[in-house]
Every structure is written in C-alpha cells, then in structure tokens.
Amino acid sequence: MSRDNRIGFQGIPRGRVPANRRALPWLTALVIVGILFGVSGLPAQKSKPQEYEVKATYLYNFARFVQWPSSSAAAKSDSFAICVLGEDPFGRALDTIVAGESIDGKAALAKRVSKPQDAVSCRVLYISSSEDSRLKEVLAALDKSGVLTVSDIPQFSRRGGMIQFVLDGNSVRFEVNLTAAESAGLTLSSELLKVAVTVRRNSLSGD
Amino acid sequence: MFTDYSISKKLTWMNMLVSGAALLTACVAFIGYDLATFRAIEVSNLSTQAQMAASNSVSALLFDDPRAAQNTLSALKTAPNIKSAGIYRSDGHPFAVYWRDQGRQVPELPPVPPSQTEAYRFGGNQVVLVRSIVSEGKHVGIVYMVSDSQMLNARLRRYAGICAIVLAGSLLAALLVSSMFRRAVAEPIVHLAETARAVSRDKNYSVRATPSGSGGELTVLVDAFNEMLVQIQERDGALQKGRDELEQRVQERTAELESAKKEVEEFSDSILQAKEELERASKFKDQFLSTMSHELRTPLNAVLGFSDMLADERYGTLNDRQRRYVGHIHTGGTHLLKLVSDILDLSKIEAGRMEIALEDVSIASAFGEVLSALQPLADKKSQSLIQNVEPSWCVRADATRFKQILMNLVGNAIKFTPEVGRIELVARQVEEQVRVEVRDNGPGIPSEDQQRIFDAFIRLAQSGEATEGTGLGLAITARLVELHGSKLQIESKPGDGTCFYFSLPHVATAPVEPARATIATPLADKSPRILIVEDNAMMGQLIQSLLKSSGYETLRCDQPERATEMAAEHKPDGITLDLFMQPVDGQEVLLQLKKDPRTSEIPVIVITMADQPGVGTAFGADEYLVKPVDKATLLAAVERCLMSRGGAAPARAILVVEDDASTREMIEELLAACGYSVVVAADGAQARARMAHALPELVILDLVLPKVSGLELLAEWRSNPRTADVPVFVLTSKVLSKQEEQFLRNNAEALFHKQQSWQQALMDQLQRVLKNPPTVKV
C-alpha cells in the first residue's frame, strides 16, 4: 500500500496545485495531502477497515515495538510467524497484511495453530475467543516461551495475557500487561506503552 | 557633478563616499552572510524538532492514536519559535495539529522530493518544514512545522541599526580625516591656484607661492611654480630691457636717418638747382640755335631768291657784268646758307639736340632722290653716277638724315673726283646689315690723313684747288652715322680712289607707300558767276556770302519778275532759285527761264522750304535743295551743275602766311609767275581773318609768326570742319621738335625748310596737289 502511494506521489504534476489556494488554505491542504498519499476521493470513509482488519494490522505492528529474547525458539526460527490459535476471525486479512513483508530480516508469515504447543515457535500469537474456556492452560503452556500473546478475550490482560484488544467506540485500542510480557522475557517499547489504553503491572498477584 | 566644487570639497566628498561605499558593501555582505547562516541554523533546528516529533509519533500513527500524537506535538510549547505543527496520516488524513496561538490556519506545505525525507520553504515571515515519518522503511505519515522568522527579522533590524551607527561613525571619522587631508593637500593647492590667479590677473611676477612644507609632489609643484615665476620675471625684465634698448636704438637710428635725409635733401636741392641751371642753359642754347637758324636764314633766303629772279632776267635783261655779279651774289649766298646750316647742324649734334626718328627707309628710293638731286653737279664735270641696290631693301634710319648723309658723301665725291670720273653708290648685304658704300675713282686719301678728315674744318691740302665746301660736311656726316649707331669708315689708297661706307640694320621688304590721293577740283580761269534769285534779303545775303567765300562771283536778284531778264543780260553760269516768292513765284520763274532760249541752258538750283523734289525737277531744275541749306551741300550742288555744263569750280587764291616781307614777296612772285592768285597775311591774326572770309585753294604757312603761331593756326583750322580739308604747306626755318614734326606730318600736306633750296620743291608739290596748273597769265 505504501509502495502504491509512492508511485502515486511521483505522478503528481506540480502544475495541478489550484490557483485559489490562498482563499481556501485548509481545503487546499487536504487536497494536497490527499494527492500526496495517492488517495483519490475519501477512501477512508468509503471502505472503513473492518474491526479485524485493524486488529490484524495491529498484530503485525506490535512486532515493531517488541524485542524478543534471543534464546527463544521464535528467535531461532527462519521466519517471523504471526499465529492464530483457535477460531480464525481475520479471514484473508492477516495473510494479506503479512504477504511479502519481513521483520528483523525474516519473512513474515501467518500461521494457524490448534494447540498451544504448536505456537511456541510463533512470535505473536492471537488467541481466539474460542479459547476463552481453556485460556489458563494455553497461557501456561506458553509460559516463558517468549511468545507475545494477544487476544480479544475479556479480562485477558488481567488473566495473564500480554495485550488485550479493547474497543473504544469505533476505534480499536489495547491494554498491556507489562509484567506478563517481561516475565516471558519480552521487552515492550515505551512507544507501544504510550499508545496503550492501560498498562498493567503485577497483575498476577492481583488475579 | 563635482566638477565645480573646490578641491577641498571634492576631497571631503571623496573620502565620505569611499568610506561610505566600503562600509555599506561590508555591512550588506556581512548581513547577507549572517542571514544565510541564521537561516541554515533555523532550518536545522526545525529539522531536529520535526525529527523528534516524527519518531515520537510513529506508534501513535501505527496504532491510530491521535491523542498520543497530540501529546507529542504539545511538547512544542517549550519551543517559542514554532508557530504551528501538524501530523498527517499516510492516507492524507490530518492526524494531529498544534498551534501556539489559536485560530491559525494550516500553511501551504512544500512537497517532499521522493529521494529525500525533508523539504522546507521560506515565505512570508515564516519557515515551513515538512518531514515524512518512516517506520521500518515504511512511510506512515508526515509531520510539518512552521517557525516564524520574527527572530530573523529582529536580528535583521538589529544588524541594520548597528550598520547605520557604524556607517555614521565612520563617515564622521572620514570627515575628520578629510579635514586633515584638506589641510595637507587642498590648502596648498588652493593657495597655489590663488597665487596663479593673482599672477595672471595683475601680471605681477614678483609674488611667490608659500611652500606647504609637507614635502612630496605638492612641494615640488609649488617650488616649480615659484621657479617658473622667477624665470618669467627674469625674462620679463630682459624683454623690457631689450625693448628699451631697441627703442633707444630706433631713436638713434631715426635721428641718424633724419640727418642723412636732411643731407640728401640739401644735396638734392643743389642737384635740382644745378639741373634747373642746366635746363635753363640748354633751353637758352636751343633758343639761340633756333633763333640763329631763323635769323640767319631769312635774309639769306631773300638774297638767294631775289638774285635768282634777277638772274632769270624776268624783269629786264642784264649785261654781262651784272649777270656775273648776280651769280657771285647767288653763289656766295648759297655757300653762306650751307655754312650756316652745317654749323647749326654740328652744334646741334655736339649739344646732343639732334634727334633721330628711325623708320623703314627704302634704300633704292633714297639713292634715286640723292642721285637725281646731284645729277646736275655730276653732269657739269661729266662724271657718271652709278647706283647698285636691291629695290626691295630697307634700312632702319631717319629718312631725312639718311639722305643727308648720302648727299654729303656723294657731293664730296663729285667735288673731289676729277672730271670724267666715276662715282658709285652701292648697297650690299653683310650679315644682318646693309653696307652702304660711296666709291669714287679719285686721287684717294693718304692713310695719315684718313682719320683727320672727320674733324671739323679740316680740309686736305691737295684739294686746295677745289675750294668749295665748308669743311664741316664729313664731320657732320660722321656724327650723323654715329647717331644711327654705326660708324663711317674709309678705305682709300692714294691714286686708287676712295670708298666711304657704313652699315645699318637691314629690313626685309620695302613698305608700299600709298600715294596721297588728292581730290581734284577743276579750276576755272575766271570765277563762275551765279545768279541768286531770292526775294528774302537775308536769305539772299546768306547764299551770296557762302558762294562768295568759295570764290564765286555772285549776282542778286530781289525781284522775281526781273529774273529772266537779268539772266539773259548777265549770262550767269548758274542760278539759285527760291520757289515761294511774290509777286511771281519760283515755278513761274523757272518756266520762263526754261522757255527763253537765251536762258534755257543755264542750270537752275531750286532752294526751297518745301520738300517736293519732283515738283522742281519736273520743270527742268537741275538740283533741288531743302532749306536750311548748309554750305557743303550748296557748294556740291553748284559744282555739279557747273560740271554738267562743262564748267569748272572757281580758281581760288593761295594764302601765303609769312611775316618776313622779303620772303613773302618772293613767294608771291613765284606763285604769280606760275599764274596762281595770291592772298597774303603778315601775321597769324590776319591769316585767321583771311581764312574766315574766304576759303583759299591752299595755304603756305610759316610757323614763326607774330600774335598767333603757325602751329596754332594749323591746329585751329584742322579742328574746324569748314577748313579741315584745305591743304597746307609749311615753309619754315624753325628747328622742329619730334612732336612738332609729328604734328606737321599728320596735319600738313608738305613741309619745306627754308635752309634748304625749297623753291623748286614747293612749286613741284603745288602742282602735284592742285593737279590742274593754271595757265600762265600773259
């Protein structure tokens, strides 16, 4: 998508800047920015991303703000796997996002796993709501495995999960259980924490 | 622009301008540089801030958290230069925005070139910087920042202020410095200029420019100027001195010249005096010569003329003794006349008064004249005279004197050559000249005598028997030849004859002398008689006097009715007739005249007021004249009438004007002897009266006359148309000047000198001029 933008940007004829830009500086700015990013019309309004499309993107984005311990199995793997445990709510969205991408020099790929044990080699694991019932076992299975756990399951961050999606109106936000992440040997960037709705520490003792 | 300024002003201006320009340039350059640097720093600061904002807002963008981004931008509150800032998502949506003051608008953003991550633009009072936000090599949005350039402007103002202060300070300093310069540079120059002006204005070369003492070129200039003034002063002095000396010298010279002039004037006065004396002497001499010539010749002429007449026995026969005595008288007189002439000639030559008029003279005709004149003498001694000359040859000579020379030489030769001798007159060409020789076969002259014979009064001993001659002939001849620029030479051996010769310039052809045409008027032996028929007394008198003065005999007829009768009675040779008369008119008279056989042959000249020639001639008139009639017309008409009837014009008298009674009587006798009627006048006044009364046939005029001179008379007559055509012979003993001779040549028909034997020549000329000689009265 960004590559397309660049192509679109390159194609801007400079002469197309409206002559009456002084009169309508705000609109002009919008148009220019729109053109700049290769967006025609108002695509954000027209095809507002589905909740799970956003969440899929977030899954991918989290990877940028997380440092994995080099001893973890995932770190040793050739690929950078983003896994889904349980019922897959993303459809083709996740696959589309990771296709052709690479993180830390490793090719990103989307993986579906059915057992927590299969998810050890994953960097990021989305635990589907279908696993709510056996969440305890799942988290236990992944303890100290160095896998970033993400889920929609309510109280996930309180229950030992690392990142829990929450909805704030229409926008997708998230809570972070920093203690859980650190105990798993992961380091979360302050940048990530900055945008988190809530950052929990020592939640286990409270749980 | 500064050309009119004084040098000190120029200097001040120069200093101010130079320092001002230098400072201004420096200030502008410095400010420019500082501004550029400041801008660069500002852009760099802005870039750093944008970079920080960008990296701090990556997560906010990725996780779509504008609040977080807003927080990040809010941190910019600590940066006072940031006016506004904002973040856009990569899809172009505004994500977060920051304004330091509310209500500001989003600025126009510069596009970021694809190869770069940043772009900025200066505009208005602000800098806009745009930076793209990149995460993991991916473009996730842009951040922009606007920094106002208030600080820049403030800085600029500050700099401008500093510059102005510095400029003012330095100009002040320049002013000070230039005032110092002025003292050092301008003042000496101004002083120099004023001095120069004073010098040129007052011409006072003694002033000096004060040396400035500063050294350098100005001092050199002042010194040089002063030096120049010194030189000018010196030269001025020298010039003045020179002028004074010159003036003095001029005065001295003027004085010298003055005295010299005075001397010259005195000298020239004395010369003038001497000249006047000389002239007086020379005039006196001329007068003496002329008088002598006249006074001596006049009585001699009488002696010769009357002795001649006596010898002719015209007034009774002479006995032998008487005849012999008369012959002696004549011979003696002739000799005396010759002697007088020779003495006068010689003294004229000696005095340098003899003038020569050179003309082209035909040698042949001169020879002819001389030989024919001397032939009688030669005949007496039975000598033969031979001439040998090319007929066309001419020489440049005075004709009279040339003939005189020849006459003397040939005369001498005849005299000194024995009887039956031979005398040759030869002209031969020698180079460009003609050599004239007179050769005889006489006894010859010894060489020791050959030069002496040219001296005056020398006569050779052996010629004793031939006592004739004055002894002056050869002397005069030699002098005359010398006057022609030649020399008379002699070639002779005793017993072998003598040859005298001289050379004259040769002229190729002889001019053809046209013979003087003389209108011949036939002369009647008695005056024709004319009858004047005219009832108007005054008119009749006029016609009568006109005809009478021309030698006609006239009759007056006042009564026309008696005209025919008078004509028949007096048998006139012609009749003049008026047409308008009372009681019988002219036509009637004419008819009667032509009807009457006694008078029908008499020619009639009609003189009338009416211009109708046809009327008169129709009745048989010969001439028809219209009044007023002038004399020439009347006379011409009368003469025509007379000639048509075989008649002739009246014989008119010859007027002899001569004061000397004996000469007058002699001429009268001569003319009367030839049948001419003679009227005489004893002086100029009488001559004038006679001429006025009646025109003579001819005048024989002496030049030296009491009361009115002959020359005056001649001039008078020639200028009057009435008398202009009367021939005049001049007979005089006067020594003529060139002018007089020229005048006579132009106005007189012939000239005779009393000192020569003129009688025969005069009679010859008279006959030539009057053509029809009168019959001698019996």
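Scroll up a little and you will see the structure.
What you are looking at is a predicted structure, and each value in this text was computed from that prediction instead of being measured. (Residues numbered from 1 in each chain as written. Chains lettered and ligands numbered in written order. Predicted model: local features only at pLDDT ≥ 70, side-chain atom pairs only at ≥ 80, totals over all residues. Heavy atoms only, no water.)

Participant: Explain the overall build of chain B to me, and be specific about the residues and the numbers.
Facilitator: What chain B contains, in helices and strands, is 19 helices and 24 strands. Buried residues in chain B amount to 42% of all 778 residues. Across chain B, the fraction of contacts at a sequence separation of at least 24, relative to all contacts at a separation of at least 6, is 65%. Surface exposure of chain B reaches about 41,700 Å², of which carbon and sulfur atoms provide 56%. (Helix = DSSP H or I, 4+ residues; strand = E, 2+ residues; numbered from the N terminus. Buried < 20%, exposed > 50% of the residue type's maximum accessible area, 1.4 Å probe, protein only. Contact = heavy atoms within 4.5 Å. Areas by Shrake-Rupley, 256 points an atom, 1.4 Å probe, with all protein chains shown as cover.)

Participant: Can you break down the packing of aromatic side chains residue by residue, with the values?
Facilitator: Scanning the entire structure with this criterion turns up 17 aromatic pairs over all chains. Relative to Tyr159(B), the ring of Phe30(B) lies with its centre 5.5 Å away and its plane at 75°, an arrangement referred to as edge-to-face. Of this pair, Phe30(B) sits in helix α1 (residues 7–56) while Tyr159(B) sits in helix α4 (residues 150–202), and the two are 129 residues apart along the sequence. By relative accessible area, which is 13% here, Tyr159(B) ends up buried. For the ring pair Tyr120(B) and Phe122(B), a centre distance of 5.9 Å and an interplane angle of 90° mean the geometry is edge-to-face. Of the residues examined, Tyr120(B) reaches a relative accessible area of 47% and is grouped as partly exposed. Among the aromatic residues, those joined into a cluster by ring pairs are Tyr58(A), Phe62(A), Phe65(A), Phe165(A), Phe174(A) and Phe63(B). Lying across the ring of Tyr52(A), Lys55(A) places its NZ or CZ 4.6 Å from the centre. (Phe/Tyr/Trp six-rings, centres within 6.5 Å; stacked < 30°, edge-to-face > 60°. Lys NZ or Arg CZ within 6 Å of the ring centre and 35° of its normal.)

Participant: Lay out the state of the cysteines in plain terms, naming residues and giving numbers.
Facilitator: Residue and element names in this part refer to chain A. Enumeration according to the criterion identifies one disulfide over all chains in this entry. Shown here is the disulfide that connects Cys 83 with Cys 122, its sulfur atoms set 1.6 Å apart. One quick way to see it: the torsion about the S-S bond of Cys 83 and Cys 122 is about -85°, and its sign makes the bridge left-handed. Of this pair, Cys 83 sits in strand β2 (residues 80–85) while Cys 122 sits in the loop between β4 (106–113) and β5 (124–127), and the two are 39 residues apart along the sequence. Pair check on accessibility: Cys 83 and Cys 122 agree, each one buried. (Disulfide = S-S within 2.5 Å.)

Participant: An account of the sheet that holds strand β1 (residues 82–89) of chain B is needed here, citing residue identities and associated values.
Facilitator: All names here are of chain B. With respect to topology, five strands assemble into an open sheet ordered β2-β1-β5-β4-β3, the strand pairing being antiparallel. Edge positions in the sheet fall to β2 (94–99) and β3 (118–123), since each of these pairs with one other strand and no more. Each strand of the sheet is rotated relative to its neighbour by a mean of 15°, with strand direction disregarded. Bridging between β1 and β2 involves five bridges; their strand directions are antiparallel. In the strand pairing of β2, Tyr 88 is matched with Pro 94. (Pairing = 2+ DSSP bridges. Axes fitted to C-alpha atoms, helices over the stretch in contact; angles between N-to-C directions.)

Participant: I'd like to hear about the packing of helix α15 (residues 661–673) of chain B against helix α19 (residues 759–770) of chain B, residue by residue, with values.
Facilitator: Residues and elements named next belong to chain B. Put simply, α15 and α19 touch, their axes get as near as 11 Å, and they point 45° apart. Looking at the two axes, α15 sits oblique to α19. When you trace α15 past α19, the crossing you get is right-handed. From α15, Met 666, Leu 670 and Leu 671 reach across to α19, where they touch Gln 759, Met 763 and Leu 766. Classifying every residue of the contact of α15 with α19 by side-chain character gives five nonpolar, one polar and no charged. (Parallel < 35°, antiparallel > 145°, perpendicular 65-115°, else oblique. Left-handed = near helix turned anticlockwise from the far one by under 90°. Nonpolar A, V, L, I, M, F, W, Y, C, P; charged D, E, K, R; others polar.)

Participant: Now, about the sheet that holds strand β22 (residues 698–701) of chain B: what can you tell me, with residues and values included?
Facilitator: All names here are of chain B. Taking strand neighbours across the sheet as the criterion, the five strands line up as β21-β20-β22-β23-β24 in an open arrangement whose pairing is parallel. Every interior strand has two partners, whereas the edge strands, β21 (678–681) and β24 (750–753), have only one. Between one strand and the next, the sheet's axes are offset by a mean angle of 15°, whatever the strand orientation. In this fold helix α17 (residues 710–719) packs onto β22 and β23 (728–732), with an angle of close to 155° to the strand it touches most, β22.

Participant: Account for the pattern of salt bridges, naming residues and giving values.
Facilitator: As enumerated under the stated definition, the model contains 36 salt bridges over all chains in all. Between Arg131(B) and Glu118(B) there is a salt bridge whose closest N-O contact spans 2.6 Å. Linking Arg131(B) in strand β4 (residues 126–135) with Glu118(B) in strand β3, this pair joins segments that are 13 residues apart in sequence. The class of Arg131(B) is buried, set by a relative accessible area of 15%. Residues joined in a network through salt bridges with shared partners are Asp88(A), Arg92(A), Asp95(A) and Arg112(A). (Salt bridge = Lys/Arg side-chain N within 4 Å of Asp/Glu carboxyl O.)

Participant: Break down the nonpolar core for me, with residues and values.
Facilitator: The biggest cluster of nonpolar side chains holds 66 residues, and the ones touching the most others in it are Phe62(A), Leu148(A) and Phe174(A). The residues touching Phe62(A), leaving out its near neighbours within four places in the chain, are Leu148(A), Val150(A), Ile163(A), Phe165(A), Phe174(A), Leu192(A) and Phe63(B). Among the nonpolar cores identified, the runner-up in size contains 45 residues, and Val389(B), Val395(B), Ile453(B) and Leu504(B) belong to it. (Core = buried A, V, L, I, M, F, W, Y, C linked by side-chain atoms within 4.5 Å.)

Participant: Quick rundown of unusual backbone geometry? Include the residues and the values.
Facilitator: Here the phi dihedral of Gln155(A) falls at roughly 65°; this positive angle occurs in a residue that is not glycine. Checked against the element boundaries, Gln155(A) lands in the loop between β6 (148–151) and β7 (163–168). Relative accessible area serves as the criterion here: at 43%, Gln155(A) is assigned to the partly exposed category. The phi dihedral of Val420(B) is positive, around 60°, even though this residue is not glycine.

Participant: So what's going on with a nonpolar patch on the surface? Which residues, and what values?
Facilitator: Residue and element names in this part refer to chain B. Residues Tyr 5, Trp 13 and Leu 17 make up a contiguous nonpolar surface patch of roughly 280 Å² in combined accessible area. As for its position among the elements, Trp 13 is in helix α1. With relative accessibility at 38%, the residue Trp 13 sits in the partly exposed group. (Patch = residues over 30% accessible without salt bridge, like charges linked within 9 Å, V, L, I, M, F, W, Y side chains within 5 Å.)

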